[in-house]
Amino acid sequence: MLISKNWLQEFVDISKIAPQEIAKRLTLSTVEVEGVKVFGEGLEKVVVGVVKSVEKHSNADKLNVCQVEVGKKTLNIVCGGSNVRPGMKVALAQIGAKVRWHGQGDLVELKPVEIRGVASEGMICASEEIGLLEMFTKKEEKEILDLSTVALTKAGLPLATALCLDDVIFEIDNKSLSHRPDLWGHYGIAREVATLLKKSIRSYQTKIVPKGTGVKLTVNVEDKKLCPRYMGIALENITVQPSPVWLQTRLRAVGIRPINNLVDITNYVMVEIGQPMHAFDADRLHKSIKALKHENSIVVRRAKDGERLKALYGKEYTLTKGMLLIAGREKPLAIAGVMGGEESGVTEATKTIIFESANFDPVSIRKTSTTLGLRSESSARFEKGLSPERAELALKKAIELTLALVPGARVASPLIDKKVPLKKSAVINLALEDIKKKLGVSIPATEILSILLGLGFDVSKKKDVLRVTVPLWRAKDVTIPEDVMEEIVRIYGYAKIPATLPTFPITPPPANPLRVLEHRVREFLAYEHGFTEVYNYSFLSPDLVTRLGLEVSAHLELANPLAKDRPLLRRTLKGGLLENVESNFHRYAKVKLFEIGRTYLGETLVDSLPDQPTMLALAYAESGVNTPFFVVSQALKGSLSRVGIEIDFEKSLDIGSLYHPGRSAYVTLDGQKVGSIGELHPTVAKRMGIDARVAIAEIALTALLPHLKEKTSYAPIPAFPAVVRDIAFVVSKTVVHADVVKALKLIDPLIVKVTLFDIFSGGNISTDKKSMAYHIVYESREKTLAAADVDAVHARVIKKLQEQFGAEIR
């Protein structure tokens, strides 16, 4: 939003305050001022000149020699303007001014020159040569700027002053205004500035609206919830023409393009006090509103599905049921609070107008604007939640300006005001001692009263308690005593509050065991096992669920999904992980991923909500690797072991269609199933588009919490070296790795670790058998093992493998 310093000056005296100081104070207390710029920049040394005489140049047919008065001196100027004449007021660029020749190229600094033998002491400018073509259009190519009709012009006056361009503009970040609808106009900002600078603010006064007759105007508000107040009035004898220069300049200064006097007046009021308005052409509203015999001329109602409206600027919109409309007897006239309709808009032929000033529900305006993709200065303000009382002030101001700027205009109807009873102002009691305790600084009561009164609050003091009445324009953001304290301290100045350390003990909250477990497992998987964490949305498509071989009906479905193609809540993390594997495997030869997140189980309710256990899932695939299961199992088991949880794998043939039947197992903890692990079934892998063997695991972290050890046990580093022996053997394909490990560890206490490092089938090995290779670690805590000690136990290992598993040692 752009704010004009000159405009603020009308309400509070800031003539001697540097713009940068105002910007700084506002930023530290109220809104974020992003920049300060000079509006009339580039017009230095350009003044108003009065042409005293015009003579033909002796050596050039198309040039004239003019005597131009600029204050107390007269300059000799050579000019080629086609419309130059004696008595004409012009824009004269003096020596040292910078202009663009014919509005083209870079700025050029003027210097004394001779043109065809005649000295020229400056330049009479066309509008485009000094950047004013938008304000003053040209009819002919060589036409110079004619200022004769501009009111504030006299010889020697700086052009920026004459055209009200000597202004400073504050650029304010709209996001910093979101909770303050009262600041979306100059008067609201002026109130803040006046309070910050401890200056008085001029009260906003409007003239009494004259009584009007001649035009029948009726209004029917069908939905008072979405439109708590609607005001309207008709004015006739209207002449639509360009606005005065001062009004056009004011609007351009704040980024609004002038259109005509009626539309400019509504925009002026909106930017001044923050209340949007609209002007209808009464004769276009109905064929003749004066002869109207129908009960209603304006109806405020909800749209019907499929209704259409051609908005201003010609674009047509299809409306949906529930959008709020301003309508006539037959069809929509405007999208309430967003945009007016082209068919009822003001044109050059307009003779009678209806001013609308209303208040609309902010949620309705925001939804309509978002749905239509149509955002306007009006909707930006209404969706913040304006106060209904402001509608009357805006309408009175618009009437006042119209009667002053449009000759012959008169009020032609009674003032219509359809409203629900306005809410009473909230009253908040605030003890002075509480202010001191909460803010940590003692602010004099007189200063507190001055701040609150300056901001528009009504305050009375009884003993040491303030009775604060909140103004209606602050009813949305000031509702509790702490809000009032915030108003006090932001004006008083945050920098004035001394920085001190707290004097009370700060006890940290108890640790959340689930968060701690998540954090530690995340670190071990990433740093020690090389897995990369991913974050997936909790929403699944029915197609993905089907490809996973799961039942769509078992999943919870959202009534209003963020994405229409993903309406289901996930019951497992595996679906998202497999999508990640598929998308990454096209670019990388190795994919190692894990995710920690919630799943949603509708069959189990917790406090009337679906059970939402926190799960951990891992997935691994690598080109050329035929045993991905062991990478995932080692990462899962190793990471959980680091947090004191020892899991086991229990083979099962009925674990589900997602896994390969011979390469899967349940993850168990103290005999309880807490998850699953296995190689993805080839059929599922094909449906997912993954051309590799994939291992995947998923466990419920929530189920591990009761098994967490609060203290970590200490085990000294072994004093004696370990001995590692490798052994490879051929066994039936029905032999399970877990059974082998369990059997070998029971042989002798010297066997401390058994690790599978290779599985092979094919080649010279028969089709019903496989080769397995293990590292076996032998270690004693009493002595250094001799070869004979290890040989004896290793012989028992071979015998055990042969007798229990029918192994053929390789």
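Read on for an overview of the structure. (Residues numbered from 1 in each chain as written. Predicted model: local features only at pLDDT ≥ 70, side-chain atom pairs only at ≥ 80, totals over all residues. Heavy atoms only, no water.)

Section: the overall build of the protein
Stage number 1. In terms of helices and strands, the protein carries 21 helices and 42 strands.
Stage number 2. The globule rule puts the C-alpha radius of gyration for 810 residues at 28 Å, and the 41 Å found for the protein is more than 25% above it.
Stage number 3. Along the first, second and third principal axes, the C-alpha atoms of the protein reach 125 × 75 × 65 Å.
Stage number 4. Looking at the protein as a whole, 48% of its 810 residues are labelled buried.
Stage number 5. Put simply, the protein shows about 41200 Å² of open surface, and 52% of that area lies on carbon and sulfur atoms.
Stage number 6. Positive and negative side-chain charges of the protein, numbering 110 and 95 respectively, have mean locations separated by a distance of 4 Å. (Helix = DSSP H or I, 4+ residues; strand = E, 2+ residues; numbered from the N terminus. Rg over C-alpha atoms; globule rule 2.2 N^0.38 Å. Buried < 20%, exposed > 50% of the residue type's maximum accessible area, 1.4 Å probe, protein only. Areas by Shrake-Rupley, 256 points an atom, 1.4 Å probe, with all protein chains shown as cover. Lys, Arg positive; Asp, Glu negative; His and termini not counted. Charge placed at Lys NZ, Arg CZ, Asp CG, Glu CD.)

Comments concerning the sheet that holds strand S13 (residues 219–221)
Stage number 1. With respect to topology, five strands assemble into an open sheet ordered S13-S16-S19-S20-S21, the strand pairing being mixed. Taken across any chain shown, the strands that pair with only one partner, and hence form the sheet edges, are S13 and strand S21 (339–340).
Stage number 2. Strand direction decides the pairing type here: strand S20 (residues 332–335) and S21, joined by two bridges, are antiparallel. Along S21, the bridge assignment pairs Ile 335 with Met 339. (Pairing = 2+ DSSP bridges.)

Side note on the side chain of Glu 698
Stage number 1. Note that Glu 698 resides in strand S38 (residues 694–700).
Stage number 2. Looking at Glu 698, its side chain comes within polar contact range of the side chain of Thr 572, at 2.6 Å.
Stage number 3. With residues up to four places along the chain from it excluded, the contact list for Glu 698 reads Thr 572, Leu 573, Lys 574, Met 615, Leu 616, Ala 617, Val 674, Gly 675 and Ser 676. (Polar contact = N/O pair within 3.5 Å; in protein donor to acceptor, adjacent residues only side chain to side chain. Contact = heavy atoms within 4.5 Å.)

Quick look at the pattern of salt bridges
Stage number 1. Overall, the coordinates contain 41 salt bridges when judged by the stated rule.
Stage number 2. Across the pair Glu 528 and Arg 642 runs a salt bridge, and its minimum N-O distance is 2.5 Å. One end of the pair, Glu 528, is in helix H14 (residues 513–528); the other, Arg 642, is in the loop between helix H17 (628–641) and strand S35 (648–651), with 114 residues separating them in the sequence.
Stage number 3. Residue classification places Glu 528 among the partly exposed positions, given a relative accessible area of 41%.
Stage number 4. The partner of Glu 595 in a salt bridge is Arg 570, and the shortest N-O contact between them spans 3.2 Å. On the criterion of sequence distance, the pair formed by Glu 595 in strand S31 (residues 590–598) and Arg 570 in the loop between strand S30 (568–569) and helix H16 (574–585) is long-range, its members being 25 residues apart. Neither Glu 595 nor Arg 570 differs from the other in exposure class; each is buried. (Salt bridge = Lys/Arg side-chain N within 4 Å of Asp/Glu carboxyl O.)

Some remarks on the environment of Leu 601
Stage number 1. Tracing the sequence through the fold places Leu 601 in strand S32 (residues 601–606).
Stage number 2. What makes Leu 601 buried here is its relative accessible area of 18%.
Stage number 3. In this structure the C-alpha to C-alpha distance between Leu 601 and Ala 380, which are 221 residues apart in sequence, comes to 41 Å.
Stage number 4. With residues up to four places along the chain from it excluded, the contact list for Leu 601 reads Arg 571, Pro 610, Asp 611 and Pro 613.

Re the state of the cysteines
Stage number 1. Applying the stated rule across the entire model yields zero disulfides.
Stage number 2. You can see Cys 125 has no disulfide; the closest cysteine sulfur is in Cys 79, sitting 9.2 Å from it. (Disulfide = S-S within 2.5 Å.)

Some words on H16
Stage number 1. A rise of 1.5 Å per residue sets the reference length of H16, with its 12 residues, at 16 Å; its end C-alpha atoms lie 16 Å apart and thus fit the reference within 8%.
Stage number 2. Of all the positions in H16, only Lys 574, Gly 575, Gly 576, Leu 577, Leu 578, Asn 580, Val 581 and Phe 585 are classed as buried. (Expected span 1.5 Å × (residues − 1).)

Comments concerning the packing of aromatic side chains
Stage number 1. Scanning the model with the defined rule gives 10 aromatic pairs in all.
Stage number 2. Between Phe 360 and Phe 382 the ring centres are 5.1 Å apart and the planes differ by 65°, which places this aromatic pair in the edge-to-face class. Highlighted residues: Phe 360 in the loop between strand S22 (353–359) and helix H8 (362–372) and Phe 382 in helix H9 (residues 377–382), separated in sequence by 22 residues. Of the two residues examined, Phe 360 and Phe 382, each falls in the buried class.
Stage number 3. When the ring of Phe 629 is compared with that of Phe 630, the centres are 5.5 Å apart and the planes differ by 85°; the resulting orientation is edge-to-face.
Stage number 4. By way of ring pairs, the aromatic residues Trp 7, Trp 246 and Tyr 268 are connected into one cluster.
Stage number 5. Over the ring of Phe 649 we find Lys 637, and its NZ or CZ is 5.7 Å from the ring centre. (Phe/Tyr/Trp six-rings, centres within 6.5 Å; stacked < 30°, edge-to-face > 60°. Lys NZ or Arg CZ within 6 Å of the ring centre and 35° of its normal.)

Structural measurements only, silent on function.
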